[in-house]
Amino acid sequence: MECPQKKKSSGLRSVTVADLEGFAVYPLSWCPHLELLTDKSEYVIDILAPCKRCDDNKENWICLHCRKVLCSRYVNSHMVEHAESDGHVLTLSYSDLSVWCYGCDDYVDNPLLYPVKNAAHRAKFGEDMLNPHEAESGGSVSITLQ
């Protein structure tokens, strides 16, 4: 199989989004566990907070149910253990600001998650993030791929 980005004798081949299919993560747009998020108060995010159990601060997640900060499966798996023992399955990564559902075993992106993702983005980068769901609620978002 030939790589679509490989040089041809006539020059570089143009690569389209379709050529890249299979190399991207497509998060779930809905997850039944979103209904378990009942705390509607504003999120206060400290992206430098260490894991509550081992004090590691390399790769931490915040539990979206109780807001406890714990380390990832690649450190000491404290968030995985928390999800299993407490049933708190929705978590947000401080590394890439993605939301993972341990119940669905998948990434999730839904408008209900925008407040926490925006709070984390603001804490990490000092500014609000673009709301990709504005177009769904009547605003407009335009993205051009070349």
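Scroll up to find the structure.
Residues numbered from 1 in each chain as written. Predicted model: local features only at pLDDT ≥ 70, side-chain atom pairs only at ≥ 80, totals over all residues. Heavy atoms only, no water.

## As for the overall build of the protein chain
Across its full length, the protein chain carries two helices and five strands. Secondary structure elements in the protein chain, listed N-terminal to C-terminal, are β-β-α-β-β-β-α. Considering the protein chain as a whole, with its 146 residues, one finds that 35% of them fall into the buried category. Counted over contacts in the protein chain with a minimum sequence separation of 6, partners at least 24 positions apart contribute 47%. If you sum the accessible surface of the protein chain, you get close to 9,700 Å²; carbon and sulfur atoms cover 51% of it. (Helix = DSSP H or I, 4+ residues; strand = E, 2+ residues; numbered from the N terminus. Buried < 20%, exposed > 50% of the residue type's maximum accessible area, 1.4 Å probe, protein only. Contact = heavy atoms within 4.5 Å. Areas by Shrake-Rupley, 256 points an atom, 1.4 Å probe, with all protein chains shown as cover.)

## Description of the packing of aromatic side chains
Under the defined criterion, the tally for this structure stands at two aromatic pairs. Here the aromatic cluster, defined as three or more aromatic residues joined through ring pairs, consists of Trp 100, Tyr 102 and Tyr 107. Seen from the ring of Tyr 43, Arg 67 lies directly overhead, with NZ or CZ sitting 3.7 Å from the centre. (Phe/Tyr/Trp six-rings, centres within 6.5 Å; stacked < 30°, edge-to-face > 60°. Lys NZ or Arg CZ within 6 Å of the ring centre and 35° of its normal.)

## Describing the pairing of strand β3 (residues 90-93)
Of the two faces of β3, the one lined by Leu 90 and Leu 92 and the one lined by Thr 91 and Ser 93 are each fully buried. Taken together, the three bridges between strand β1 (residues 60-63) and β3 define a ladder with antiparallel strand orientation. Looking across to β3, one finds that Ile 62 is bridged to Leu 92. Where β3 folds back onto strand β4 (residues 99-101) in an antiparallel hairpin, the turn is made up of five residues, including Leu 97, whose phi is positive at roughly 60 degrees. (Pairing = 2+ DSSP bridges.)

## A closer look at helix α2 (residues 114-125)
Relative to the 16 Å expected for twelve residues at 1.5 Å per residue, α2 spans 15 Å between its end C-alpha atoms, a close match to the ideal helical length. Taken residue by residue, α2 has Tyr 114, Val 116, Lys 117, Asn 118, Ala 119, Ala 120 and His 121 as its buried positions. The inward-facing, buried residues of α2 contact β3 and β4. Looking at the residues trailing α2, positive phi occurs at Gly 126, about 80 degrees. (Expected span 1.5 Å × (residues − 1).)

## Some details on the environment of Lys 124
With respect to the element layout, Lys 124 can be found in helix α2. Taking the C-alpha atoms as reference, Lys 124 lies 8.5 Å from Asp 46; in sequence the two are 78 residues apart. With sequence-adjacent residues up to four places away left out, Lys 124 is seen in contact with Ile 47, Tyr 94, Ser 95, Asp 96 and Leu 97. Among the polar contacts listed, one links the side chain of Lys 124 to the backbone oxygen of Tyr 94, at a separation of 2.9 Å. (Polar contact = N/O pair within 3.5 Å; in protein donor to acceptor, adjacent residues only side chain to side chain.)

## Some words on the nonpolar core
Residues Ile 45, Leu 64, Leu 90, Leu 92 and Val 108 are the most contacted members of the largest nonpolar core, which totals 31 residues. Elements with a contribution of two residues or more to this core: β1, β2 (69-71), α1 (78-86), β3, β4 and α2. The residues touching Leu 90, leaving out its near neighbours within four places in the chain, are Cys 31, His 33, Leu 34, Leu 37, Ile 62, Cys 63, Leu 64, His 65, Val 99, Trp 100, Cys 101 and Val 108. (Core = buried A, V, L, I, M, F, W, Y, C linked by side-chain atoms within 4.5 Å.)

## Observations concerning the sheet that holds strand β5 (residues 106-108)
Read from one edge of the open sheet, five strands run β2-β1-β3-β4-β5, paired in antiparallel fashion. Two strands bound the open sheet, and with one partner strand each, they are β2 and β5. Between one strand axis and the next, the sheet turns through 40 degrees on average, direction left out of account. Sitting on the sheet, α1 touches β1, β2 and β3, and the angle it makes with β2 is about 120 degrees. (Axes fitted to C-alpha atoms, helices over the stretch in contact; angles between N-to-C directions.)

Interpretation note: all reported values are geometric properties and have no functional meaning in isolation.
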